[in-house]
Structures are given as structure tokens and as C-alpha cells.
Amino acid sequence: MRIALVHDWHAEVGGDKRVLDALKAMYPDAEILYVSHKKPSKLFLPFMPFRAESIDLSAYDLVISTGAIFSKGLILRPKTYHINYCHSPTRQVWDLSHEYRHKIFQHFLRIWDRQASTRVDKFIANSEHVRARIKKFYRRDAEVIYPPVRHEARNMKHETKNYYLIISRLYRHKNIDIAVKAFNKLGWNLMIIGEGPERTHLEKLAQPNVKFLGYQSDATCSMSYASCLAFIMPQEEDFGITAIEAMMHGKPVLALRRGGALEYIEEGVNGLFFDDPHEAVLADGIRRIREQKFNPEIIKQSTEKFSCQNFQSSFSNIINQIAR
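Here the structure is a predicted model, which means the values were calculated and not measured.

Caption draft 1: Examining the pattern of salt bridges more closely. With the rule as written, the count across this model stands at 20 salt bridges. With its nearest N and O atoms 2.7 Å apart, the salt bridge here joins arginine 131 to glutamate 128. A residue pair is termed a helical-turn pair when its members lie 3 or 4 positions apart in one helix, as arginine 131 and glutamate 128 do in helix H4 (residues 128–138) at 3 residues. Taking the relative accessible area as the measure of exposure, arginine 131 reaches 30% and is therefore partly exposed. A salt bridge links arginine 288 to aspartate 284; its shortest N-O distance comes to 3.2 Å. Here arginine 288 pairs with aspartate 284, and both are found in helix H9 (residues 279–291), just 4 residues apart, close to one helical turn. Its relative accessible area of 29% is what places arginine 288 among the partly exposed residues. Overall, the relative accessible area of 38% leaves aspartate 284 in the partly exposed class. Several salt bridges share partner residues, and in doing so they unite Arg2, Asp61 and Arg77 into one network.

Caption draft 2: Geometry of the packing of helix H5 (residues 176–186) against H9. Remark: H5 packs on H9, axes separated minimally by 8 Å, with the N-to-C direction vectors making an angle of 60 degrees. The angle between H5 and H9 falls in the class oblique. Between H5 and H9 lies a crossing of right-handed hand. Across the interface between the two elements, Ile178, Ala179, Lys181, Ala182, Phe183, Lys185 and Leu186 from H5 touch Glu279, Leu282, Ala283, Ile286 and Arg287 from H9. Considering only residue class, the contact of H5 with H9 consists of 8 nonpolar, no polar and 4 charged.

Caption draft 3: Highlighting the nonpolar core. Judged by nonpolar contacts, the single largest core of 53 residues is most densely connected at Leu165, Ile192, Phe231, Tyr264, Leu282 and Ile286. Looking at this core element by element, the count peaks at 7 residues for H5. Ignoring anything within four residues of it in the chain, the contact list for phenylalanine 231 reads Leu165, Ile166, Ile167, Tyr225, Thr242, Ala243, Ala246, Pro252, Val253 and Leu254. Among the nonpolar cores identified, the runner-up in size contains 29 residues, and Val6, Val35, Leu74 and Leu109 belong to it.

Caption draft 4: View of a nonpolar patch on the surface. Taken together, the side chains of Phe44, Phe47, Phe50 and Phe108 define a hydrophobic patch exposed on the protein surface, amounting to about 410 Å² of accessible area. With respect to the helices, strands and loops of the structure, phenylalanine 47 is situated in the loop between strand E2 (31–36) and helix H2 (48–54).

Caption draft 5: Region of interest: the sheet that holds strand E6 (residues 142–144). Spatial strand order, E2-E1-E3-E4-E5-E6: 6 strands in an open sheet with parallel pairing. If you trace the sheet from one side to the other, it starts and ends with E2 and E6, each paired once. Each strand axis lies, on average, 25 degrees off the axis of its neighbour in the sheet, ignoring direction. In this structure, strand E4 (residues 81–86) lies alongside strand E5 (residues 122–125), joined through 4 bridges in parallel fashion. If you follow cysteine 86 over to E5, its bridge partner there is alanine 125. Packed on one face of the sheet, helix H11 (residues 308–323) meets strand E3 (62–65), E4, E5 and E6 and runs near 155 degrees to E4.

Conventions and cut-offs
Residues numbered from 1 in each chain as written. Predicted model: local features only at pLDDT ≥ 70, side-chain atom pairs only at ≥ 80, totals over all residues. Heavy atoms only, no water. Salt bridge = Lys/Arg side-chain N within 4 Å of Asp/Glu carboxyl O. Helix = DSSP H or I, 4+ residues; strand = E, 2+ residues; numbered from the N terminus. Buried < 20%, exposed > 50% of the residue type's maximum accessible area, 1.4 Å probe, protein only. Axes fitted to C-alpha atoms, helices over the stretch in contact; angles between N-to-C directions. Parallel < 35°, antiparallel > 145°, perpendicular 65-115°, else oblique. Left-handed = near helix turned anticlockwise from the far one by under 90°. Contact = heavy atoms within 4.5 Å. Nonpolar A, V, L, I, M, F, W, Y, C, P; charged D, E, K, R; others polar. Core = buried A, V, L, I, M, F, W, Y, C linked by side-chain atoms within 4.5 Å. Patch = residues over 30% accessible without salt bridge, like charges linked within 9 Å, V, L, I, M, F, W, Y side chains within 5 Å. Areas by Shrake-Rupley, 256 points an atom, 1.4 Å probe, with all protein chains shown as cover. Pairing = 2+ DSSP bridges.

In C-alpha cells:
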């Protein structure tokens, strides 16, 4: 089959980049197309649906779209089969609609997003949590294939140092502010890797024990995982690939008891939960995870099902069924 891989825009980090790389390895002859080569500005966002609909994919038998927003809205010829690997139904118009000021555009995009979901032949969700949200917002069924996590560094040995770790994009809904406030109160060391529009605000909020490192390479992230005391995930994630990467290095995870984390964190085995996105509740969770004893080898074993091999095998089975 002639295959095209279509993504919203070129991504340098994150779970969407991991998925695209795994698919590229599976189908090296597939053409890779982007709705936009970089993340569009707010002024350009209203034009993105038209851009997605204008891409000519008439030469392909199978299109695999991996973007969360616009690439699901491709217009294809009747014989072209369209699979969308969905990281999340568009949060900007559904879950996080209260955070956006441009209500007229948001209303238009919500209508377009719902209609665009009908153009997909098969949805694949990255978690059971996302499958439920696809059902709620798009009224479509989906199959779950967990995204691939790099396991090549799982035997990395580094001395554990006296800090906790967050790796995240710095957006308001990521709840990084409550982590900063919690560690300000505790006085313990927190390292934050990642960039985003909230960085300046968060840096002003932080005490000297909280360090911001900005964007870092995969190699630096791996060393940071291997050296930290525990990984902190204060936000609700549809999946949460950074938490899996931390556990791959034998590190326990403290996560908000919501979203994709419910599918892989076993309390007392590979991590703990806290129940409310408030700094006092998070601070209590940090104290608890500091006192809990964990077995790093058991934590590593809990990540085996999230291997790239499992992802590619499950995806190949679906493609083989389509090709029959």
C-alpha cells in the first residue's frame, strides 16, 4: 500500500514525536506530511482547518494521521483508508474551553472538530481514558494502543541525588504552579525540565530550591530520570509518557489521581497518588513518597507493556486486517 503519515506540525519532543518516529521506523517508504511545519500562531489558527482540507492525498491508499487537532480533518478520496492515532480530542475546544478568550473562533472550531471526526475510518486511542473521551465528544468507538516508550536506557546506572523531577510543557493546565508552591513550602529540591508560556511566571513564584532547566535533550532527560528521588506529575494527563519513562529508570511516580495515570500506577508498587490539585495535598503526597520504600526492579518491570515493539506489533495487526 502507498502510505502517508500526517501530523499537525513538526514536533521536537513529547509523546506525539515518539509515535511518529515509531511509525516512520515501521514504514520507511511512507511520505511524511505536516499540516503546518511549525506550531501556528494564534492569528493563524483559524486558517488551519482549511489548510488540512487542502492537502492532496489522492495518491495514497492509507493515511495515518497522528495529530490531536487538525490532521483528523483531512479530506480523502473514498478508497483511501484513514486511521487517526488520537492523543486527545481537541482539549482547546472541549475540556479547556473556559481558558480561551476567542469564543467565536472556539465555537467554529468545536463544530469543525466534531464534523472532522466523522472523516476518520478508524480511531486508535493512546489510553482507555482517551477512548472514553473519543466516545463522549465524537460518538465514535476506538481501539487502544499504548504509545511507545524508549527502553534502551532502562539499565542506565546513576547515583541518586537529592532532588525531585518534573518534565513537562509549561502550560497553565499542567498545574506546575502547585508543585512550585508545594516545594517552596517543603524546602526540598525540585528540578523542572521543559518550556512553555508559563515559565516566566513560575520562575518568579519559585524559591531557590526550585530550578528551571528549560528544554533538554533526550540524553539529559534520561540522566535526570536516573538520578532523581521520584518523578512528580501534578497534572491530569491523557497518558503521561514522561511518567512511564521515569518508571523505566526505576523511579516511583507521584501523580494526580486522574486520567491515564490510573492505567499504570499501582499504589505502593511503582508510585503513589494524590487526590486534589492543591499545593497542600501535593505536599502531603511528596512527604509520603519520600517515606515509602520501592523496589526499582519491580518498577522497571511494570513498564514492559509500553515497549516500542508492542506498539509496532499492535499497529501492524490493524494494518494487516485493513490490507486483507
